[in-house]
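# Coordinates in review
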Amino acid sequence: MGKIIIFSAPSGSGKTTIVRSALKKFPELVFSISATTREKRGVEKDGVDYFFITEDEFKNKIEQNEFVEWESFYGYYYGTLKSFINSKMKNGKSVVLEVDVKGALKIKKEYPDAVAIFIRPPSIEELKRRLRDRKTESDEDLQKRIQRAEMEIGYQKYFDYVVVNDDLERAKKEVYEILNKELNTED
Ligand code: ADP
Ligand code: 5GP
């Protein structure tokens, strides 16, 4: 059986950047594609970054019990698909999940062997700067993300590892070391 590796972080911390490089470095990892009702950003692709679906479709999946967990924030729904992660794990793949902090705790409850990694920005000021520079959200969405960040940082104590994303290369290296250790332990 493969393992579950969860990455969580306040929006703008650099989680996607780090996860993308880890997926390249560790071919035994597959990314869990979540479903969401938010709009696609410029470079994102349906069925690659997310399954972009309507609110009605999302609610239907909730009713059909298709999610391991789902959350609603910033006015959108996000959910982890049971079928997706279970089929990959059965095939011996380890699955990387990029979910919010509450979703991470729900996954840990369902899969106690899951490894949870929190990516922390060096400061809230730096987080704001990165989000503004990324230029992918409206001012309103940006405000919602910044407001939620402080609550999310309070959840770091529940994680197995906390990696500060100050210098990107250093942070990536730290994550690779964690993955090397966790993916190579037999249990
Ligand atoms: P998240 O997935 O957590 O929302 P992203 O990976 O999209 O965050 O990163 C947010 C922005 O910050 C992106 O524009 C990214 O290029 C940039 N970034 C990521 N890590 C660093 C870093 N260590 N220093 C400076 N900028 C960074
Ligand atoms: P974004 O809109 O920036 O892609 O993601 C916003 C937040 O939603 C991030 O914290 C991301 O990790 C989280 N997220 C993405 N997919 C899921 C999911 O399936 N479940 C939960 N709970 N959060 C998710």
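Everything in this summary refers to the structure shown in the same document.

A few words on unusual backbone geometry. In terms of backbone geometry, most residues other than glycine have negative phi values and most peptide bonds are trans. You will see that Asn-65, though not glycine, has its phi angle at about 60°, which is positive. Structurally, Asn-65 is set in the loop between helix 2 (55-63) and strand 5 (67-73). Since its relative accessible area comes to 52%, Asn-65 is described here as exposed. Despite not being glycine, Tyr-74 has its phi angle at roughly 55°, a positive value.

With that settled, the discussion passes to helix 4 (residues 101-110). Regarding helix 4, the residues found buried are Val-101, Gly-103, Ala-104 and Ile-107. What you see down the axis of helix 4 is that its buried residues fit within an arc of 155°, all on one side. Buried positions along helix 4 lie against strand 1 (4-8), strand 5, strand 6 (76-81), strand 7 (94-98), strand 8 (115-120) and helix 6 (139-153). For helix 4, the side-chain oxygen to backbone nitrogen distance between the N-cap and Lys-102 is 3.3 Å, and the N-cap itself is Asp-100.

Our focus in this paragraph is the site of ligand 2. As a matter of local geometry, ligand 2 sits amid 18 residues, with Ser-34, Arg-38, Tyr-50, Tyr-78 and Asp-100 nearest to it. For ligand 2, an oxygen atom lies 3.2 Å from a polar atom in the backbone of Thr-80. Here ligand 2 has 510 Å² of accessible area as a free molecule, and 96% of this is covered by the chains. Those elements that place two or more of their residues in the shell around ligand 2 are strand 5 and strand 6. The class makeup of the residues in the shell around ligand 2 is six nonpolar, four polar and eight charged.

With that out of the way, let us pick up the packing of helix 1 (residues 15-25) against helix 7 (residues 168-183). Working note: a packed helix pair is described by the angle between its axes plus the distance between those axes. Contact geometry for helix 1 and helix 7: axes closest at 10 Å, N-to-C directions at 50°. One finds that helix 1 runs oblique with respect to helix 7. Between helix 1 and helix 7 lies a crossing whose hand is right-handed. Here Thr-17, Ile-18, Ser-21, Ala-22 and Lys-25 of helix 1 come into contact with helix 7, specifically with Leu-168, Ala-171, Lys-172, Val-175, Tyr-176 and Leu-179. Here the residues of the contact of helix 1 with helix 7 sort into seven nonpolar, two polar and two charged.

Another point: the environment of Thr-17. In this structure, Thr-17 sits in helix 1. A relative accessible area of 42% places Thr-17 in the partly exposed class. Measuring from C-alpha to C-alpha, the distance between Thr-17 and Lys-172 comes to 9.1 Å, with 155 residues separating the pair along the chain.

So, about the packing of helix 5 (residues 124-134) against helix 6. Closest axis-to-axis distance for the helix 5/helix 6 pair is 11 Å, and the angle between their directions is 150°. Two packed elements cross with a definite hand, and for helix 5 against helix 6 that hand is right-handed. Contact residues: helix 5 offers Ile-124, Leu-127, Lys-128, Leu-131, Arg-132 and Arg-134, while helix 6 offers Leu-142, Arg-145, Ile-146, Ala-149, Glu-150 and Ile-153.

The rules we used
- Residues numbered from 1 in each chain as written.
- Chains lettered and ligands numbered in written order.
- Predicted model: local features only at pLDDT ≥ 70, side-chain atom pairs only at ≥ 80, totals over all residues.
- Heavy atoms only, no water.
- Helix = DSSP H or I, 4+ residues; strand = E, 2+ residues; numbered from the N terminus.
- Buried < 20%, exposed > 50% of the residue type's maximum accessible area, 1.4 Å probe, protein only.
- Arc of directions from axis to C-beta.
- Contact = heavy atoms within 4.5 Å.
- Polar contact = N/O pair within 3.5 Å; in protein donor to acceptor, adjacent residues only side chain to side chain.
- Near = heavy atom within 4 Å.
- Areas by Shrake-Rupley, 256 points an atom, 1.4 Å probe, with all protein chains shown as cover.
- Nonpolar A, V, L, I, M, F, W, Y, C, P; charged D, E, K, R; others polar.
- Axes fitted to C-alpha atoms, helices over the stretch in contact; angles between N-to-C directions.
- Parallel < 35°, antiparallel > 145°, perpendicular 65-115°, else oblique.
- Left-handed = near helix turned anticlockwise from the far one by under 90°.

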